[in-house]
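Descriptive structure summary
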Amino acid sequence: MSIPGQAAADALVTRLGVAIDPDLLVLSLTHRSFAYEAGGLPTNERLEFLGDSVLGVVVTDKLYHDHPDLPEGDLAKMRSASVSQKALSEVARDIRLGECILLGKGETATGGADKDSILCDALEAVIGAVYLSHGIDTARDMILRLLHKTLTAAASSGVALDWKTSLQEACAEHGRSSPVYDVVGEGPDHVRSFTASVIIDGEVLGVGVGSAKKHAEQDAAAQAYAAVTGTPTR
């Protein structure tokens, strides 16, 4: 199966260092906006779901063995940072993934090829495609190669690794109630957006927006952390 920008896709495979089943490669690069405008083609969302799980297992295993003295909470923060939308979108930019993603006209016109959410999702879909093409060992090798800088940076980061966990800890330390998240989604499936509000002691202390619920919650938690601790997070 050939796709628009076939030469770019071939170059992507070279940068990944892993051959991918051609049909799976096409599917991993098919954003829902392109599928929607083309009349309902399969999207990369199932592969993204699979790749997210493979990524999580590989990163968790790596952190567990590389940091035998760290408690579960610190490992969880490091994992969260390593697989965050921001971190993965930077990895996607490094391999020029954006130029290969199949986007609808609307997303193309609004710079979708460089949006963090689209890049992150596509990278996870590519990981899913590699896993289906070759299995866990090849997928692990590729993931650890691509995320080497990210994993190294996570080891030296602080509370920003996971704002939700850090906010929970800060509330306990400052005698505040546990944060409650109110999330609202809007828009059609192919351009879904989420707005999260974090409520502490009956007051909204942070509001975040993202293409996924977890990203909106993290953004809201960062704002609330600043409000609870008086420490800027930006």
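Whatever comes next refers back to the structure up there.
Described below are features of the structure shown in this document. Since the model is a prediction, treat every value here as computed from it, not as a measurement.

**A word on the packing of aromatic side chains**
Applying the stated criterion across every chain, the model contains one aromatic pair. For the pair W163 and Y225, a centre-to-centre distance of 5.3 Å together with 55° between the ring planes defines the contact as tilted. Pair noted here: W163 is in helix α11 (residues 163–173) and Y225 is in helix α12 (residues 213–229), with a separation of 62 residues, a long-range link. Of the two residues, W163 and Y225, neither departs from the other in class, the shared state being buried. For the cation-ring pair, K164 lies above Y181, with the distance from its terminal atom to the ring centre recorded as 4.7 Å.

**Some details on the sheet that holds strand β3 (residues 203–210)**
With antiparallel pairing, the three strands of this open sheet are ordered in space as β1-β2-β3. For this open sheet the edge positions go to β1 (180–186) and β3, each flanked by a neighbour on one side alone. Sheet twist, expressed as the mean angle between neighbouring strand axes with direction ignored, is 20°. The sheet contact formed by strand β2 (residues 193–200) and β3 spans seven bridges and is antiparallel. Residue pairing in the sheet places V198 in a bridge with G206 of β3. The sheet contacts of α12 involve β1, β2 and β3, and relative to β3 the element is tilted by about 145°.

**Looking at the nonpolar core**
Counting residues in each nonpolar core, the largest one holds 44 residues, and the members touching the most others are L16, I20, L97, L123, L146 and L147. Of all the elements, helix α8 (residues 116–134) adds the most residues to this core, at ten residues. Not counting residues up to four positions away in its chain, the partners in contact with I20 are L25, V126, A129, V130 and S133. Grouped together as the second largest cluster of nonpolar side chains are 16 residues, F194, A196, V198 and L205 included.

**Thoughts on helix α6 (residues 85–94)**
Burial in α6 covers these residues: Q85, A87, L88, S89, V91 and A92. Residues of α6 that are buried make contact with α4 (45–66), α5 (72–82), α8, α9 (136–146), α10 (148–154) and α12. Downstream of α6 by a residue or two, R96 has a phi angle that is positive, lying close to 55°.

Rules used in this analysis
- Residues numbered from 1 in each chain as written.
- Predicted model: local features only at pLDDT ≥ 70, side-chain atom pairs only at ≥ 80, totals over all residues.
- Heavy atoms only, no water.
- Phe/Tyr/Trp six-rings, centres within 6.5 Å; stacked < 30°, edge-to-face > 60°.
- Helix = DSSP H or I, 4+ residues; strand = E, 2+ residues; numbered from the N terminus.
- Buried < 20%, exposed > 50% of the residue type's maximum accessible area, 1.4 Å probe, protein only.
- Lys NZ or Arg CZ within 6 Å of the ring centre and 35° of its normal.
- Pairing = 2+ DSSP bridges.
- Axes fitted to C-alpha atoms, helices over the stretch in contact; angles between N-to-C directions.
- Contact = heavy atoms within 4.5 Å.
- Core = buried A, V, L, I, M, F, W, Y, C linked by side-chain atoms within 4.5 Å.

Treat this as a map of the structure, not an account of what it does.
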